[in-house]
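Summary of structural features
One letter stands for each residue in the lines below.
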Amino acid sequence: MKIVPLRSDPRPEHAHHVCNMCGKPSEITICDECSERLRMEALARKKHEEQGNAWSHWE
């Protein structure tokens, strides 16, 4: 009796990578465009927190 593995290749040909934020094709977890947007949003949030009105815009 021959044992056949369930998958010979862990990445089938039809598999593709996408950005976890926007869903566009990307070889990395978060594409450069989304990564830049996240950095800008985090900086804006930090500035709001430092000015003391942290939740005024985010609520």
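Now for a look at the structure at hand. Every value quoted in this text rests on a predicted model; they were computed, and no experiment measured them.

**Looking at the state of the cysteines**
Tallying each qualifying case throughout the model produces 0 disulfides. Free cysteine: Cys19, not disulfide-bonded; nearest cysteine sulfur from Cys22 at 3.7 Å. Lacking any disulfide linkage, Cys22 is separated from the closest cysteine sulfur, that of Cys34, by 3.7 Å. Using a relative accessible area of 35% as the deciding quantity, one classes Cys22 as partly exposed.

**Digging into the environment of Leu38**
Within the secondary structure layout, Leu38 lies in helix α1 (residues 32-51). Spatially, the C-alpha atoms of Leu38 and Met21 are 9.7 Å apart, while their sequence positions differ by 17 residues. When neighbours within four sequence positions are excluded, Leu38 is seen to be in contact with Met21 and Ile30.

**Some points on α1**
With 20 residues, α1 should cover 28 Å at 1.5 Å per step; its first-to-last C-alpha distance of 29 Å lies within 8% of that length. Just beyond α1, the residue with positive phi is Gly52, at close to 90 degrees.

**Some points on the pattern of salt bridges**
Following the criterion strictly, the structure yields 4 salt bridges and no others. We note a salt bridge from Arg39 to Glu36, for which the minimum N-O separation is 3.1 Å. Of this pair, Arg39 and Glu36 both sit in helix α1, 3 residues apart, which is roughly one turn of that helix. Taking the relative accessible area as the measure of exposure, Arg39 reaches 49% and is therefore partly exposed.

**Regarding the side chain of Ser26**
Examined against the element boundaries, Ser26 turns out to sit in the segment before α1. Relative accessible area serves as the criterion here: at 10%, Ser26 is assigned to the buried category.

Definitions and limits used
Residues numbered from 1 in each chain as written. Predicted model: local features only at pLDDT ≥ 70, side-chain atom pairs only at ≥ 80, totals over all residues. Heavy atoms only, no water. Disulfide = S-S within 2.5 Å. Buried < 20%, exposed > 50% of the residue type's maximum accessible area, 1.4 Å probe, protein only. Helix = DSSP H or I, 4+ residues; strand = E, 2+ residues; numbered from the N terminus. Contact = heavy atoms within 4.5 Å. Expected span 1.5 Å × (residues − 1). Salt bridge = Lys/Arg side-chain N within 4 Å of Asp/Glu carboxyl O.

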